[in-house]
Amino acid sequence: MSVPRNKNKKEQLPFVPQSTEGSCFLLECVFRAGLRLLDAMLKQKQQGGREEMQALYSAAGLAAGVALFLFGMCQLTRGLQQAAGERMQQVLRCVTGRPLQGLLTGVLVTAALQSSSAAVVLVVGFVSAGVLELPQALPVLFGANVGTTLTAQLLAMDLDWLGRPALAAGFCLAVAARQPSAQGAGRALFGFGMLFEGVHLMEKTLAPMAQAPFFRQMLIQVSQHPVWGLALGLGMTLLAQSSSATVAVLQQAAAQPIPGSTASLLGLAGAVPVLLGENLGTTVTAWLASLGRGRAARQVAAAHTIFNLSGAAVCLAALPWFVALVQRIPPFGPECAVIARQIANAHTLFNLCCAAAWMPNIQRMARIAVRLSGRPGIAGERCRLLR
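In short, a report on the structure.

## Description of the overall build of the protein chain
Alright, step 1. Helix and strand content of the protein chain: 18 helices and zero strands.
Alright, step 2. Counting every position in the protein chain, which comprises 387 residues, the buried fraction comes to 50%.
Alright, step 3. In the protein chain, the proportion of contacts linking residues at least 24 apart, taken out of those at least 6 apart, comes to 80%.
Alright, step 4. For the protein chain, the computed accessible surface area is about 18800 Å², with 63% contributed by carbon and sulfur atoms.

This is the structure in C-alpha cells:
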C-alpha cells in the first residue's frame, strides 16, 4: 500500500553546498596521501636518496598546506552558515525583479558566507522550488561570481600576522560560547586563521620547490601554452572542489622568482589562463546541485556555465590586452612582489566585466539556458521582462 504524498509540504531547500562536503571528503584523501608520502620519505631516508627525499618532503608540505586551507575554508563557511545562514536565505527570498538588487544580493551573500558554492546551491534550490524565477536568479549568480573574488583579494593582503591570534580567539569563542550564533562566529574565526596558516605553509614549501628544474620547466611550459594553463586550473578546481584553494596555490606559485631575478617564473600572462580554468571548474558545483531537481535547476546550471564559458573564451582570445589592462591597476613594483595582488585584480576584473556584459542581456541568457536544458520548466515558461 503506497503512502500518499503531502502536496502542501514545501520542498526542503539545501544550504550546505555539495562542494563543501566534497572538500571535507578531500581532506581525508589528502591525509591518506600524506601518510603514503611520509612512508615513502622514510624509505628514501633509509636508502640515502637526498634529492628524492627533498622532493617528497616538498610535495608533503604542499599537500599539508592545501589540506589546512581546505579545512579552514570548511570551518569558515560552516561557521558563517551557523551564525547567519537563515538570514542569508531570507535575504535571497526578498530578491525582487530589479537586476541590480539581485547582483548586490549575490555579492553580499557570497561575501558573508565566503563561499560562492553556497550561494549557487541556494539559488538552484530556490529556482527549483519556484521561489525565484530564472531571470530573477541570474543577477544573483553574477553577484556570486563577483563576491567569490573577495577571498583572493583578502589572501593577497599581508595579513599573516592575524592567523594565529584568530585561531586562538576563534577556538576560545567556539568552546566558551553558549549561543549557536556565537559558536558559529568562533568557528568562522578559527577557520579564518587556518586559511592563513595553510597559505603560509604553502609559501614555505613552494620556495624550495622553485629551485627544482622540473618545477621551473613546468611553470615555463604553462606560461607559454595558455591552453595548458586553462586545463591546469580546471583540473585543480575539480580536484579540490574549491576555487579559493586553486587561487591560493596559484598566487603562491606565481610569486616564485626566476633565480637571480625579481621576475616571476609563471608571470601574469601565464597565471590568467589558470584563473580562467578555475572559473570554468566552478560550474560543476551548479550541475551537481541540479541533479534530480528538474529542468528549472538545470537552467540555472546552464546559465552559470554560459556566464563563465563565454567570459573565458573572450578573455583567452584577448589575453595580451587583458593582461596589459590588469598591469595598469595598482600596485606597481617588482613582479614577484605584486603578482599575488595582480592575480586577485584579474580575478575581480574578469567577473566584473562578465557581469557588466550579461546584465543588460538577462532575458537572452535565460532563453539560451532554457534551450540548452531541454523543454522549458516553470522558470522557462515564466521568463518575463524585468522592470
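## Section: the packing of helix H5 (residues 134-147) against helix H16 (residues 335-358)
Alright, step 1. Two numbers describe how H5 lies on H16: the axes approach to 9 Å, and their chain directions differ by 165°. Here H5 is positioned roughly antiparallel relative to H16, judged by the angle of their axes. As H5 runs across H16, the sense of the crossing is left-handed. Judged by residue contacts, Phe-142, Asn-145 and Val-146 of H5 engage Asn-351, Leu-352, Ala-355 and Trp-358 from H16.
Alright, step 2. Of the residues belonging to the contact of H5 with H16, the class tally is five nonpolar, two polar and no charged.

## Focus on helix H12 (residues 267-281)
The α-helix advances 3.6 residues per turn, and as a result positions three or four apart in sequence lie on the same side.
Alright, step 1. The end-to-end C-alpha distance of H12, which contains 15 residues, comes to 22 Å, matching closely the 21 Å that a straight helix rising 1.5 Å per residue would cover.
Alright, step 2. Across the 15 residues that make up H12, a large majority, 14, are buried.

## Details of the packing of aromatic side chains
Alright, step 1. Evaluation of the coordinates by the stated rule reveals one aromatic pair.
Alright, step 2. Ring plane angle 20° and centroid distance 4.9 Å describe the contact between Phe-142 and Phe-307, whose orientation is recorded as stacked. Pair noted here: Phe-142 is in helix H5 and Phe-307 is in helix H14 (residues 294-317), with a separation of 165 residues, a long-range link.
Alright, step 3. Assessed through its relative accessible area of 1%, Phe-142 is described here as buried.
Alright, step 4. For Phe-307, a relative accessible area of 1% puts it in the buried group.

## Details of the pattern of salt bridges
Side-chain pairing between opposite charges can occur once the charged atoms of the two side chains come close.
Alright, step 1. One pass over the structure, following the stated rule, counts one salt bridge.
Alright, step 2. When the shortest N-O distance is used, the salt bridge between Glu-197 and Arg-164 registers 3.4 Å. Taken together, the residues span a long stretch of sequence, with Glu-197 in helix H8 (residues 180-209) and Arg-164 in helix H7 (residues 163-176) at a distance of 33 residues.
Alright, step 3. A relative accessible area of 17% places Glu-197 in the buried class.

## Examining empty space enclosed by the protein
Alright, step 1. Counted according to the given criterion, the structure contains five cavities of 30 Å³ or more.
Alright, step 2. The wall of the second largest cavity is formed by 13 residues, among which Ser-116, Val-120, Asn-145, Thr-282 and His-304 lie closest to the centre.
Alright, step 3. For the lining of the second largest cavity, the secondary structure elements donating two or more residues are helix H4 (116-128), H12 and helix H13 (283-290).
Alright, step 4. For the lining of the second largest cavity, the element with the most residues is H4, which contributes three residues.
Alright, step 5. Of the residues contributing to the lining of the second largest cavity, the split by class is two nonpolar, 10 polar and one charged.

## Considering the nonpolar core
Alright, step 1. Membership of the largest hydrophobic core comes to 66 residues, with the highest contact counts inside it found for Leu-138, Phe-142, Val-272, Phe-322, Ile-343 and Met-365.
Alright, step 2. Of all the elements, H14 adds the most residues to this core, at 10 residues.
Alright, step 3. When near neighbours in sequence (up to four residues on either side) are disregarded, Leu-138 contacts Ala-303, Ile-362, Met-365 and Ala-366.
Alright, step 4. By size, the runner-up hydrophobic cluster in this structure holds 18 residues, among which are Met-202, Ala-240, Ala-245 and Val-249.

About the thresholds
- By convention here, each chain's residues receive numbers from 1 onward along its written sequence.
- Side-chain atom pairs in this predicted model are given and counted only at pLDDT of 80 or more, local residue features only at pLDDT of at least 70, and totals for whole chains, interfaces and linings cover all residues.
- The side-chain figures draw on all heavy atoms in the structure; neither hydrogens nor water molecules are used.
- Counting from the N terminus, the helices are DSSP H or I runs at least four residues long and the strands are E runs at least two residues long.
- For the exposure calls, accessible area comes from a 1.4 Å probe over protein chains only, and a residue counts as buried if that area is under 20% of its type's maximum, exposed if over 50%, partly exposed in between.
- For this analysis, residues touch if any pair of their heavy atoms sits within 4.5 Å.
- Surface accessibility in these figures is a Shrake-Rupley result with a 1.4 Å probe; residues are shielded only by whichever protein chains are displayed.
- Lines fitted to C-alpha atoms define the axes here, with helix axes fitted over just the stretch in contact, and angles between the N-to-C directions of these axes take values from 0 to 180 degrees.
- An angle counts as roughly parallel when it lies under 35 degrees, as roughly antiparallel when it exceeds 145, as roughly perpendicular when it falls between 65 and 115, and as oblique in every other case.
- Here a crossing is called left-handed whenever its near helix is offset anticlockwise from the far helix by less than a right angle, and right-handed whenever the offset is clockwise.
- Polar here means any residue other than Ala, Val, Leu, Ile, Met, Phe, Trp, Tyr, Cys and Pro, which are nonpolar, and Asp, Glu, Lys and Arg, which are charged; Gly is therefore polar.
- Expected helix span is computed as 1.5 Å times (number of residues minus one).
- Here a Phe, Tyr or Trp ring, Trp counted by its six-membered ring, pairs with any other such ring whose centre lies within 6.5 Å, and the pair is stacked when the planes are under 30 degrees apart, edge-to-face when over 60, and tilted otherwise.
- For this document, the term salt bridge refers to a Lys or Arg side-chain nitrogen within 4 Å of an Asp or Glu carboxyl oxygen.
- Space inside and on the surface of the protein is sampled on a 1 Å grid over the protein atoms alone, with a cavity defined as a set of points where a 1.4 Å probe fits but cannot get out and a pocket as an open set with protein on both sides within 12 Å along at least 5 of 7 lines; lining residues have an atom within 4 Å of a point.
- Grid points are joined across faces, edges and corners, and a volume is the space filled by probe spheres set on the points.
- For our purposes a nonpolar core is just a set of buried Ala, Val, Leu, Ile, Met, Phe, Trp, Tyr and Cys residues, chained together by side-chain atoms within 4.5 Å.

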